[in-house]
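Topology and contacts: notes
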Amino acid sequence: MQVRPSNVQSLPTNSKRFALVIGVDEYQDAQINKLGGASNDAKAIVDALIQYAGFPRDQVVLLTGDQPVERKPTRGNILRKLSNLRTAAPKDGLLLLAFAGHGIERDGQAYLLPSDAQVSGDITLLEDTAINVEEMRKRIIQTGVGQ
């Protein structure tokens, strides 16, 4: 049974708004084309969330290639930051996740491609290095955050 979120009736107070924003322009795997604006798009989203949507700056995590090592958009960093938000965001809060970068579909499954993803004909390698969108959705639901 698929859980469907209810419509947003009201936004939580600013102190209960959290976001993880990811922008991937360059990939370690040469088979994955570089993008020219994903990081800029991610930064624009962060600016808009802070300036117009009332998100506190320290509750918006940005992962892009020009950040320090712990803030690069690798698979490990993305999953770690989402895990950190699981404990930080309150149940009556709002958690927003935005991804700008490549995605791919294989065997009916959608995947986000972090900067260290490896693409080949081997579906197991892709599954081990990319992020399955359904698994990401489950992790977000497991946070228990209402919105």
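Residues numbered from 1 in each chain as written. Predicted model: local features only at pLDDT ≥ 70, side-chain atom pairs only at ≥ 80, totals over all residues. Heavy atoms only, no water.

Our next topic: a negative patch on the surface. A surface patch of negative charge is lined by D107, D122, E127 and D128. Residue position: E127 is located in helix α3 (residues 123-129). Assessed through its relative accessible area of 39%, E127 is described here as partly exposed. (Patch = residues over 30% accessible without salt bridge, like charges linked within 9 Å, V, L, I, M, F, W, Y side chains within 5 Å. Areas by Shrake-Rupley, 256 points an atom, 1.4 Å probe, with all protein chains shown as cover. Salt bridge = Lys/Arg side-chain N within 4 Å of Asp/Glu carboxyl O. Lys, Arg positive; Asp, Glu negative; His and termini not counted. Charge placed at Lys NZ, Arg CZ, Asp CG, Glu CD. Helix = DSSP H or I, 4+ residues; strand = E, 2+ residues; numbered from the N terminus. Buried < 20%, exposed > 50% of the residue type's maximum accessible area, 1.4 Å probe, protein only.)

Moving on, we come to the nonpolar core. A general feature of soluble globular proteins is that nonpolar side chains tend to end up buried together. Of all hydrophobic cores here, the largest spans 24 residues; its most connected members are L20 and L113. Taken together, the elements giving at least two residues each to this core come down to β1 (17-23), β2 (60-64), α2 (75-88) and β5 (109-112). The element best represented in this core is α2, accounting for 4 residues. The residues touching L20, leaving out its near neighbours within four places in the chain, are V61, L63, I78, K81, L82, L85, L96, L97 and A98. Formed by 10 residues, the second largest nonpolar core is a distinct cluster that contains A19, L49, L62 and A98. (Core = buried A, V, L, I, M, F, W, Y, C linked by side-chain atoms within 4.5 Å. Contact = heavy atoms within 4.5 Å.)

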